[in-house]
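Working through the structure, step by step
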Amino acid sequence: MIAVDATGVMSFDHKHCDQCLTRTSSGGKITYYHYVLEAKLVTRDGLCLSLATEWIENPVGDYIKQDCERKAFLRLAAKLKKQYPRLPICILADGLYPYEGAFEICEKYGWKYIYVLKDNVLPSVHEELVLTKRKDPAKENHCVKDGNWIDSKYRFQKDIFYHNKYNLHWLQCLEKRTKQMKPGKVSDAKPEEFCFEYVTNIDPTKDNIIELCYGGRLRWKVENEGFNTQKCGDYELEHKYCRNSYEGLQNYYTCLQIAHAINQLLEHSREIKEMLKEHSKETIRNIWQNLVSYMIINTPYKDYLITPHPS
Ligand SMILES: [Zn+2]
């Protein structure tokens, strides 16, 4: 499962380089910024590893329309196919992706996809769903998660032909979350309701519908375990380390992906997991701080003077 999503890396109030994207506010203020599109391998236990990166950037010189996420996805997909020609891939992506270009590229490369379906896209598909939405759910599920009692209802509809060319299947998960006060007793407050809908080219059945919807929701990992960790977890994704060079900015980004991948593999290793289990108050952050202290203590004083401070 490969989650594809874009994120902002830097923004400026002045022209930073020839390839900046620009956006003009209603008051006429121009913002210059850089965006990057990522393809990250996501797993159930929280790994989120960058497999390919594509910068959303304007060409140097004249252009009529700015670059955008959809155009960058076609380039990213070609890169992914070239680097991993035989990898069985399922692309997970947000509501920007259910459109002809993204269906076509996956069919061409023999990939599966699960895209979030929003109310205002693919109106012809929504028209075909009116009856199905009224039918009894194909599957129901109840479970307790994070202190909530969760009732889920799953529906699907197969074989919706889009533009007489793409055979789409629709998936829906309706979820009601009620706070659980103690085992077997739920709160009287009104439950929170959520609706998740997707289009996919994987054949849904009663037996795999839960799994498919879960797959669709793994897309969130690219935002949480991926971008949020890289922005807020000491990786400083948005910090302006390379103000004057677009190339420098891209190089920093690549190093960051490598560092994050190494850390994730280490944090998921048996040794670290056992260490965390053994000492309930131990944290990843503290382990890193100890490691840095260890490196400082074990660096001979003369080397320490000429080595940049490890932090
Ligand atoms: Zn720039």
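Scroll up to find the structure.
For the chain, the count of helices and strands is 10 helices and 11 strands. Along the longest, intermediate and shortest principal axes, the C-alpha atoms of the chain span 75 × 60 × 45 Å. A total of 311 residues make up the chain; the buried ones form 41% of that total. Pairs at least 24 residues apart make up 58% of the contacts formed inside the chain by residues separated by at least 6 positions. Carbon and sulfur atoms make up 53% of the accessible area of the chain, which amounts to about 18500 Å² in all. Of note, the chain has its 44 positive side-chain charges centred 2 Å away from the centre of its 42 negative side-chain charges.

Looking now at helix α5 (residues 209-217). Buried within α5 are the following residues: I209, L212, C213, G215 and G216. Axial view of α5: buried residues confined to an arc of 155°, hence all on one face. Check the buried side of α5 and you find it contacts β5 (90-93), β6 (112-116), β7 (139-145), β8 (148-162), β9 (166-182) and β11 (192-200).

What follows is about the coordination of the zinc ion. Donor atoms from the polypeptide that bind the zinc ion are H16 (ND1), C17 (SG), C20 (SG) and H34 (NE2), placed at 2.0 to 2.3 Å. Taken together, the 4 donor atoms coordinating the zinc ion and their angles of 98 to 121° define a geometry best described as tetrahedral. For the zinc ion, all donor residues lie on one chain, and their spacing in sequence is H-C-x2-C-x13-H. With respect to burial, C17 and C20 carry one shared label: buried.

Here the focus is helix α7 (residues 246-267). Over its 22 residues, α7 runs 31 Å from end to end, which matches the ideal 32 Å to within 8%, given 1.5 Å per residue. Looking only at α7, the buried set comprises Y246, G248, L249, Q250, Y253, L256, Q257, H260, N263 and Q264. Those residues of α7 hidden inside the fold are in contact with β1 (2-12), β3 (30-42), β4 (48-56), α6 (220-232) and α9 (284-297). You can read the cap of α7 off the contacts: a side-chain oxygen lies 3.3 Å from the backbone nitrogen of E247, and it is on S245.

Close contact between α6 and α7 brings their axes to 12 Å; oriented N to C, the two are set at 115°. Classified by the angle between their axes, α6 and α7 sit roughly perpendicular to one another. Of the two possible hands of crossing, α6 and α7 adopt the one that is right-handed. Along the contact surface, α6 presents E225, G226, T229 and Q230, while α7 presents L256, Q257 and H260. In terms of residue class, the contact of α6 with α7 is made up of 1 nonpolar, 5 polar and 1 charged.

Below, the discussion takes up the packing of helix α1 (residues 69-83) against helix α2 (residues 100-109). At their nearest, the axes of α1 and α2 sit 11 Å apart, and the two run at 10° to each other. In terms of their interaxial angle, α1 and α2 are classed as roughly parallel. Along the contact surface, α1 presents F73, L74, A77, A78 and K81, while α2 presents G101, A102, I105 and Y109. Across the contact of α1 with α2, the residue classes break down as 7 nonpolar, 1 polar and 1 charged.

This next bit is on the pattern of salt bridges. Close approach of charged atoms allows side chains of opposite charge to pair. Per the counting criterion, the structure on display carries 11 salt bridges. The salt bridge partner of R44 is E211, with a shortest N-O separation of 2.9 Å. Of this pair, R44 sits in the loop between β3 and β4 while E211 sits in helix α5, and the two are 167 residues apart along the sequence. By relative accessible area, which is 47% here, R44 ends up partly exposed. Through salt bridges with shared partners, a single ionic network connects E54, D67, R75 and K79.

Okay, the nonpolar core next. Residues F73, I91 and Y115 are the most contacted members of the largest nonpolar core, which totals 39 residues. Not counting the four nearest positions on each side in its chain, I91 is found in contact with I2, V4, F73, L80, C106, W111, K112, Y113, I114 and Y115. Counting residues in each nonpolar core, the second largest holds 20 residues, with C90, L92, F156 and V222 among its members.

Quick notes on the rules
- Residues numbered from 1 in each chain as written.
- Predicted model: local features only at pLDDT ≥ 70, side-chain atom pairs only at ≥ 80, totals over all residues.
- Heavy atoms only, no water.
- Helix = DSSP H or I, 4+ residues; strand = E, 2+ residues; numbered from the N terminus.
- Buried < 20%, exposed > 50% of the residue type's maximum accessible area, 1.4 Å probe, protein only.
- Contact = heavy atoms within 4.5 Å.
- Areas by Shrake-Rupley, 256 points an atom, 1.4 Å probe, with all protein chains shown as cover.
- Lys, Arg positive; Asp, Glu negative; His and termini not counted.
- Charge placed at Lys NZ, Arg CZ, Asp CG, Glu CD.
- Arc of directions from axis to C-beta.
- Donors = N, O, S within 2.8 Å, 3.2 Å for Na, K, Ca; no water.
- Tetrahedral: all angles 85-135°; square planar, octahedral: opposite > 155°, others 65-115°.
- Expected span 1.5 Å × (residues − 1).
- Polar contact = N/O pair within 3.5 Å; in protein donor to acceptor, adjacent residues only side chain to side chain.
- Axes fitted to C-alpha atoms, helices over the stretch in contact; angles between N-to-C directions.
- Parallel < 35°, antiparallel > 145°, perpendicular 65-115°, else oblique.
- Left-handed = near helix turned anticlockwise from the far one by under 90°.
- Nonpolar A, V, L, I, M, F, W, Y, C, P; charged D, E, K, R; others polar.
- Salt bridge = Lys/Arg side-chain N within 4 Å of Asp/Glu carboxyl O.
- Core = buried A, V, L, I, M, F, W, Y, C linked by side-chain atoms within 4.5 Å.

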